[in-house]
Amino acid sequence: MSDITAIRDFIFQRRSIRKYQNIQIPQEIVVFLLEAGMAAPSANNYQPWSFVVVKERSILDALAEVHPYGKMLFQAPLALVVVGDPTVSPQFWVQDCSAATENILLAAAGIGLGAVWLGVYPREERRIPLKHILQIPDKYKILSLLSLGYPAEKKEPRTQYQTEKVHFNTWQT
């Protein structure tokens, strides 16, 4: 039972953190986060993902300017952009890249980093300016933009479990 408690605590501690300390994230941690992302499940193991690592302040600020919910990037020392290639996996690139995104968020929380998932796909008004700033070729689609840093805020772990959203064997009301 203690394993369940430890895993439960670990998963529930993952919260959206939007305030960061002014501390750079070491390259070995960036690589660890990317390894976590690439360890995600992938349909037929096609792995349609690529990642853009953004550490340069001017680019982080530009991303903050164009994403309507990305103002925390003005303080973040790191952004990871999860990019999918629909030509590799036309039917499942969104699911695969979403799994990679969540793996990165869990890995970040597990090592004490704060992070928030900023949605991009399928919003063209978000994708187009980001694609331009990051110089991403046309065939690729940006799924998500992750803001990361050492937390400057604390949020309590939580569950959002709702029994009315759970059905056993058949859809029961």
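Residues numbered from 1 in each chain as written. Predicted model: local features only at pLDDT ≥ 70, side-chain atom pairs only at ≥ 80, totals over all residues. Heavy atoms only, no water.

Looking at the overall build of the protein
Inference 1: If you tally the helices and strands in the protein, you get five helices and four strands.
Inference 2: Reading the helices (α) and strands (β) of the protein from amino to carboxyl end gives α-α-β-α-β-α-β-α-β.
Inference 3: Whereas a compact globule of 173 residues would reach a radius of gyration of roughly 16 Å, the protein reaches 17 Å, a difference of no more than 12%.
Inference 4: Projecting the C-alpha coordinates of the protein onto the three principal axes gives extents of approximately 50 × 40 × 30 Å.
Inference 5: The buried share of the protein, reckoned over its 173 residues, is 39%.
Inference 6: For the protein, the proportion of contacts with a sequence separation of at least 24, taken over those separated by at least 6, is 77%.
Inference 7: Of the roughly 10100 Å² of accessible surface on the protein, 55% is carried by carbon and sulfur atoms.
Inference 8: Each charge class in the protein was averaged separately, 18 positive and 16 negative side chains, and the resulting centres sit 5 Å apart. (Helix = DSSP H or I, 4+ residues; strand = E, 2+ residues; numbered from the N terminus. Rg over C-alpha atoms; globule rule 2.2 N^0.38 Å. Buried < 20%, exposed > 50% of the residue type's maximum accessible area, 1.4 Å probe, protein only. Contact = heavy atoms within 4.5 Å. Areas by Shrake-Rupley, 256 points an atom, 1.4 Å probe, with all protein chains shown as cover. Lys, Arg positive; Asp, Glu negative; His and termini not counted. Charge placed at Lys NZ, Arg CZ, Asp CG, Glu CD.)

Here we look at the nonpolar core
Inference 1: In terms of nonpolar packing, the biggest core is built from 25 residues, with Leu-33, Leu-80 and Leu-148 touching the most fellow members.
Inference 2: Elements with a contribution of two residues or more to this core: helix 2 (27-38), strand 1 (49-54), strand 2 (78-84), helix 4 (93-110) and strand 4 (141-149).
Inference 3: In terms of residue count, the dominant contributor to this core is helix 4 (eight residues).
Inference 4: Ile-17, Val-116, Leu-118 and Ile-136 belong to the second largest nonpolar core, which has 20 residues in total. (Core = buried A, V, L, I, M, F, W, Y, C linked by side-chain atoms within 4.5 Å.)

Concerning a nonpolar patch on the surface
Inference 1: Together, Ile-7, Phe-10 and Ile-11 make up an exposed nonpolar region whose accessible area comes to about 260 Å².
Inference 2: Mapped onto the elements, Ile-11 comes out in helix 1 (residues 2-12).
Inference 3: What makes Ile-11 partly exposed here is its relative accessible area of 41%. (Patch = residues over 30% accessible without salt bridge, like charges linked within 9 Å, V, L, I, M, F, W, Y side chains within 5 Å. Salt bridge = Lys/Arg side-chain N within 4 Å of Asp/Glu carboxyl O.)

Looking at the packing of aromatic side chains
Inference 1: For the coordinates displayed, the defined rule picks out one aromatic pair.
Inference 2: Between Trp-93 and Tyr-121, the ring centres sit 4.8 Å apart and the planes meet at 75°, which makes this aromatic pair edge-to-face. Remark: Tyr-121 occurs in the loop between strand 3 (114-119) and helix 5 (124-134) and Trp-93 occurs in helix 4; sequence separation between them is 28 residues.
Inference 3: Accessibility expressed as a relative area gives 36% for Tyr-121, which makes it partly exposed. (Phe/Tyr/Trp six-rings, centres within 6.5 Å; stacked < 30°, edge-to-face > 60°.)

No statement about biological role is implied by the geometric values presented.
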